[in-house]
Structure formats: structure tokens, C-alpha cells
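Examination of the molecular architecture
For reference, the chains in residue letters:
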Amino acid sequence: MKERPRLLLVFVGLLLISLMMLRFQAVAPTALRASTAPLTRIGVVTADNLRRAYSTLFDERRLNADLRNLQVQNDELRQRNEILTREVTRLRQLEKITATQAPNALGIAQVIAVDPSPCWRA
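The present account deals with the structure reproduced in this document. Everything numeric here is computed off the predicted structure, so don't read it as measured data.

**Here we look at the overall build of the protein chain**
Broken down by element type, the protein chain carries two helices and zero strands. Expressed as a percentage of the 122 residues in the protein chain, the buried residues total 1%. With the model as given, the accessible surface of the protein chain reaches about 12,300 Å², and the carbon-plus-sulfur share is 64%.

Rendered as C-alpha cells:
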């Protein structure tokens, strides 16, 4: 029990001494900041570089995945374009044939079925 008031008295005394020391040392924080500024700057630059490297790594992975998806989509569109180009060529040839061989015909179609009834043949 006797140690408790003694410890409290020591604590209060140290607190008062530290407050007085801080009051008379107004220059110390500025000097301290000036001496630690290069270390702080190095830490900030290092942290910023690590953040950018991390961000770049994941952006690069995402962009590579997007690139692969776009390449697949591009290949599919090229194939579709090739098919449509062939169809356009075929239809142009068909138009030329229609214009030269049957100018008065409305259209050329394949026969897919014939009605066996003699009444409808005429």
C-alpha cells in the first residue's frame, strides 16, 4: 500500500518534468522534422512505388485477359465476315445471272416438292 502513493508521486513528478521540458524546447520538433524528413520521404516514395507496382501487376493481368477475350472475339468476327463476304459474292453472281438470263422473271427458286394431283399441275 505504501508503494502506491509513492509511484503516483513519481509519475506526477515525471509528467511535470516532461511538460516543462517540452515547453522550453520549441526548436526540437522543427529540428527533429528536418532531420527525419529524408527518411520520411524515402518511406513515402517506397510505399508509393510498391503501390504502383502492385496496381500495374494486376492491371497487366486484367489487360492480358481482356486481350485474349478480344482476340477470340476478333477471330469469330473475322470468320463471320468471311462467310458474309462469300454470301454477298454469291448473291451478286445470282443477280447477274437473273439480269442476263431471265430479265422478266421475278425470282429463281429451287423446287422442293411437287404436288402429285393432276388438277393442280396446270
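**A closer look at the packing of aromatic side chains**
What the rule picks out here adds up to one aromatic pair. Judged by centre distance (4.7 Å) and plane angle (65°), the rings of Tyr54 and Phe58 are edge-to-face. Here Tyr54 pairs with Phe58, and both are found in helix 2 (residues 28-101), just four residues apart, close to one helical turn. Overall, Tyr54 belongs to the exposed group, its relative accessible area being 56%. Note on Phe58: relative accessible area 39%, which makes it partly exposed. Sitting above the plane of the Phe58 ring, Arg61 keeps its charged end 5.5 Å from the centroid.

**Considering the pattern of salt bridges**
Overall, the coordinates contain six salt bridges when judged by the stated rule. The salt bridge partner of Asp66 is Arg62, with a shortest N-O separation of 3.6 Å. Of this pair, Asp66 and Arg62 both sit in helix 2, separated by four residues, roughly a single helical turn. Using a relative accessible area of 33% as the deciding quantity, one classes Asp66 as partly exposed. Taking the shortest distance from any N to any O, the salt bridge between Glu87 and Arg90 comes out at 2.8 Å. Residue Glu87 and its partner Arg90 are located together in helix 2, separated by three residues, close to a single helical turn.

The rules behind these values
Residues numbered from 1 in each chain as written. Predicted model: local features only at pLDDT ≥ 70, side-chain atom pairs only at ≥ 80, totals over all residues. Heavy atoms only, no water. Helix = DSSP H or I, 4+ residues; strand = E, 2+ residues; numbered from the N terminus. Buried < 20%, exposed > 50% of the residue type's maximum accessible area, 1.4 Å probe, protein only. Areas by Shrake-Rupley, 256 points an atom, 1.4 Å probe, with all protein chains shown as cover. Phe/Tyr/Trp six-rings, centres within 6.5 Å; stacked < 30°, edge-to-face > 60°. Lys NZ or Arg CZ within 6 Å of the ring centre and 35° of its normal. Salt bridge = Lys/Arg side-chain N within 4 Å of Asp/Glu carboxyl O.

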